[in-house]
Amino acid sequence: MRRTTEVEDLLRLHAPQVLGALVRRYGHFDPAEDAVQEALISAARQWPGQGVPDNPRGWLIKVASRRLVDRLRSDAARRAREEEAAALTPRDAFTAPAPDASVPGGDRAPSEDDTLTLLFLCCHPDLAPAAQVALTLRAVGGLTTAEIARAHLVPEATMAQRISRAKRRIRGVAFVQPGPADRDRRLAAVLQVLYLIFNEGYTATSGRSLHRAGLAREAIRLTRSVRRLLPRDGAVTGLLALMLLTDARRAARTGPHGELIPLDEQDRTRWDGAAVAEGLALVEEALGEGPAGPYQVQAAIAALHDEAARAEDTDWPQILALYDVLVRIAPEPMAALSRAVAVAMVHGPRAGLAEVDVLADRLAGHHRLDAVRAHLLERAGDTEAARDAYRSAAAKTLSLPEARYLYGRADRLDG
């Protein structure tokens, strides 16, 4: 079992670089991605029993290249594809690849820039966010379509269609990193996709489980990969810090039966101390890498929560000050809702409720608005209104653990 797990980790590490090498060399993103998936399956079957090759990435590139060549040869439009492949490669595309950065036997490994280029491609602005997430998990994360479908609680056929449409949408897009003028905007899209993947893994928006730990781990792994490529980018460092500091609390967020435990009631000795320490160090680094953006500020807020040994030790005035900065640079309604909680902790629940009321139109119908309102009404002593708000929030959420928690709070107020 341990060897199988090590092989899976190794395959996920190399998958984006292998795909990037094939797309850069041959073009044809869609068949190249299929060929890489076939090579990964072959490796997953062979390596646990036969051992990992000396050059695992080279082995994968060689096998995937052969599969891609076979696929191109068998295509009905073989001649047109061969001419296109020949134009994209410095030598005959249908012979064994020459020793270079993309093949076994060469002195140089494939450039890790391919991973970043692939992320930019998967997060192309022509794709909808849901398609960007699915394609990133498939092409860069190395997850199968079935795994992605299970993570998002949709049928495999539905996810396959979503991924196929995304591939068609970017067909013909050059496999190159965006130019300087476009790079920041495209990197922001990449980070947003990783942020969305993490959030869905840490707090599932629907289903029977509060967490989808596999998605959260994958988001952290991919963000680490981006940071290796862009080690001095404050937004990347800040996002990784935010993920680590948040995910460090995962074990304490649920009880023995999967029930939700709010932050102020968690057993903080169950938090992951190593993740907290790494996250705190990254926050310091991120804040020293230029003007703070949304990820750095959110990471700093998470750090203040994680540094508090007890809930009552939390530095709420400093957290409120950081939320003031956050809503100024990124005026998102969810950030403003979190700020309302901080306002309540510093200035009292009625002040927080006034902030919640301001957000009523922007978050109409969202269960988190009612959940925060219920919490603040309970703190203010308005039991009846709090009970109604808890039940309203529970009826709106699609997450069963959240619904159970919210109904439980309402029942407790019933006495």
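Residues numbered from 1 in each chain as written. Predicted model: local features only at pLDDT ≥ 70, side-chain atom pairs only at ≥ 80, totals over all residues. Heavy atoms only, no water.

A. Up close: the overall build of the protein chain. For the protein chain, the count of helices and strands is 19 helices and two strands. When burial is assessed residue by residue, the protein chain has 50% of its 415 residues classed as buried. For the protein chain, restricting intrachain contacts to residue pairs at least 6 apart in sequence, the fraction spanning at least 24 positions comes to 64%. With the model as given, the accessible surface of the protein chain reaches about 19,600 Å², and the carbon-plus-sulfur share is 51%. (Helix = DSSP H or I, 4+ residues; strand = E, 2+ residues; numbered from the N terminus. Buried < 20%, exposed > 50% of the residue type's maximum accessible area, 1.4 Å probe, protein only. Contact = heavy atoms within 4.5 Å. Areas by Shrake-Rupley, 256 points an atom, 1.4 Å probe, with all protein chains shown as cover.)

B. The pattern of salt bridges, seen in detail. Applying the stated criterion across every chain, the model contains 28 salt bridges. For Lys167, the salt bridge goes to Asp34, with nearest N and O atoms at 3.7 Å. Remark: Asp34 occurs in helix 2 (residues 29-50) and Lys167 occurs in helix 8 (residues 156-169); sequence separation between them is 133 residues. For the salt bridge of Asp247 with Arg250, the shortest nitrogen-to-oxygen distance reads 2.8 Å. Members of the salt-bridge network, linked through shared partners, are Asp30, Glu33, Asp34, Arg138 and Lys167. (Salt bridge = Lys/Arg side-chain N within 4 Å of Asp/Glu carboxyl O.)

C. Spatial organisation of the layout of surface pockets. In this structure, the second largest pocket occupies an estimated 750 Å³ of space. Broken down by element, the residue count for the lining of the second largest pocket peaks at eight residues, all from helix 10 (residues 213-229). (1 Å grid on protein atoms, 1.4 Å probe; cavity = no way out; pocket = protein on both sides within 12 Å on 5 of 7 lines; lining within 4 Å. Points joined across faces, edges and corners; volume = space filled by probe spheres on them.)

D. Focus on helix 12 (residues 273-287). Its 15 residues place the ends of helix 12 21 Å apart at the C-alpha level, agreeing with the 21 Å of an ideal helix rising 1.5 Å per residue. Among the residues of helix 12, Ala275, Val276, Gly279, Leu282, Val283 and Ala286 are the ones counted as buried. The buried side chains of helix 12 occupy one side of the element, clustering within an arc of 130° when seen end-on. In this structure, helix 12 carries Ala274 and Glu284 as exposed residues pointing more than 90 degrees from its buried face. Next to the buried residues of helix 12 lie helix 10, helix 11 (234-247) and helix 13 (294-307). Put simply, Asp272 is the residue that caps the front of helix 12, since its side-chain oxygen is 3.1 Å from the backbone nitrogen of Ala274. (Expected span 1.5 Å × (residues − 1). Arc of directions from axis to C-beta. Polar contact = N/O pair within 3.5 Å; in protein donor to acceptor, adjacent residues only side chain to side chain.)

E. Region of interest: helix 17 (residues 367-380). Taking 1.5 Å per residue, 14 residues should reach 20 Å; helix 17 reaches 20 Å between its end C-alpha atoms and fits that length. Backbone geometry just after helix 17 places Gly381 at a positive phi near 90°.

F. Examining the state of the cysteines more closely. Enumeration over the complete set of coordinates arrives at zero disulfides. Of all cysteine sulfurs in the structure, the one in Cys123 sits closest to Cys122, which takes part in no disulfide; the separation is 6.4 Å. Classification of Cys122 as buried rests on a relative accessible area of 0%. You can call Cys123 buried: its relative accessible area is 0%. (Disulfide = S-S within 2.5 Å.)

G. Structural context of empty space enclosed by the protein. Tallied over the full model, the rule gives two cavities of 30 Å³ or more. In this structure, the second largest cavity spans a volume of roughly 30 Å³. Ala15, Leu19, Glu33, Val36, Gln37, Arg138 and Ala139 together form the lining of the second largest cavity. Those elements giving two or more residues to the lining of the second largest cavity turn out to be helix 1 (2-26), helix 2 and helix 6 (129-140).

H. Highlighting the environment of Gly279. Looking at the secondary structure, you find Gly279 in helix 12. For Gly279, a relative accessible area of 0% corresponds to the buried category. In sequence terms Gly279 and Thr237 are 42 residues apart; their C-alpha atoms lie 9.4 Å from each other. Apart from residues no more than four positions distant in its own chain, Gly279 is found in contact with Ala241, Leu244 and Leu245.

I. Up close: the nonpolar core. Of all hydrophobic cores here, the largest spans 95 residues; its most connected members are Leu19, Leu22, Phe29, Leu60 and Leu135. Residues in contact with Leu135, not counting those within four places in the same chain, are Phe29, Cys122, Leu127, Val140, Ile163, Ala166, Lys167 and Ile170. Ranked by size, the runner-up nonpolar core spans 22 residues in total, among them Leu363, Ala371, Leu376 and Leu377. (Core = buried A, V, L, I, M, F, W, Y, C linked by side-chain atoms within 4.5 Å.)

J. Summary view of the packing of aromatic side chains. Here the structure, examined in full by the defined rule, presents three aromatic pairs. Ring centres of Trp47 and Trp59 lie 5.2 Å apart, and the angle between their planes is 70°; this geometry places the pair in the edge-to-face category. On the criterion of sequence distance, the pair formed by Trp47 in helix 2 and Trp59 in helix 3 (residues 56-74) is long-range, its members being 12 residues apart. By relative accessible area, Trp59 is classed as partly exposed at 22%. Judged by centre distance (5.8 Å) and plane angle (10°), the rings of Phe198 and Tyr202 are stacked. Taken together, the positions of Phe198 and Tyr202, both in helix 9 (residues 180-202) and four residues apart, correspond to about one turn of that helix. Relative accessible area serves as the criterion here: at 3%, Phe198 is assigned to the buried category. (Phe/Tyr/Trp six-rings, centres within 6.5 Å; stacked < 30°, edge-to-face > 60°.)

K. Broad picture of the environment of Leu13. As for its position among the elements, Leu13 is in helix 1. Taking the relative accessible area as the measure of exposure, Leu13 reaches 33% and is therefore partly exposed. For the pair Leu13 and Val140, spaced 127 residues apart in the sequence, the C-alpha separation amounts to 9.1 Å. Among residues more than four places away in sequence, those in contact with Leu13 are Arg221 and Arg228.

L. Focus on the confidence of the model for the protein chain. Residues of the protein chain with pLDDT of at least 70 account for 89%, and the chain-wide mean is 85. Every residue in residues 88-111 scores below 50 in pLDDT, and together they form 42 contacts with partners more than four places removed in sequence or on other chains. (pLDDT = per-residue confidence, 0-100.)

M. Representation of the packing of helix 11 against helix 12. Where helix 11 meets helix 12, the axes come as close as 8 Å, and the angle between the chain directions of the two elements is 155°. Looking at the two axes, helix 11 sits roughly antiparallel to helix 12. For the crossing formed where helix 11 meets helix 12, the hand is left-handed. Where helix 11 approaches helix 12, its residues Gly234, Thr237, Gly238, Leu240, Ala241, Leu244 and Leu245 are matched on the opposing element by Ala275, Val276, Glu278, Gly279, Leu280, Leu282, Val283, Glu285 and Ala286. Class assignment of the residues belonging to the contact of helix 11 with helix 12 gives a composition of 10 nonpolar, four polar and two charged. (Axes fitted to C-alpha atoms, helices over the stretch in contact; angles between N-to-C directions. Parallel < 35°, antiparallel > 145°, perpendicular 65-115°, else oblique. Left-handed = near helix turned anticlockwise from the far one by under 90°. Nonpolar A, V, L, I, M, F, W, Y, C, P; charged D, E, K, R; others polar.)

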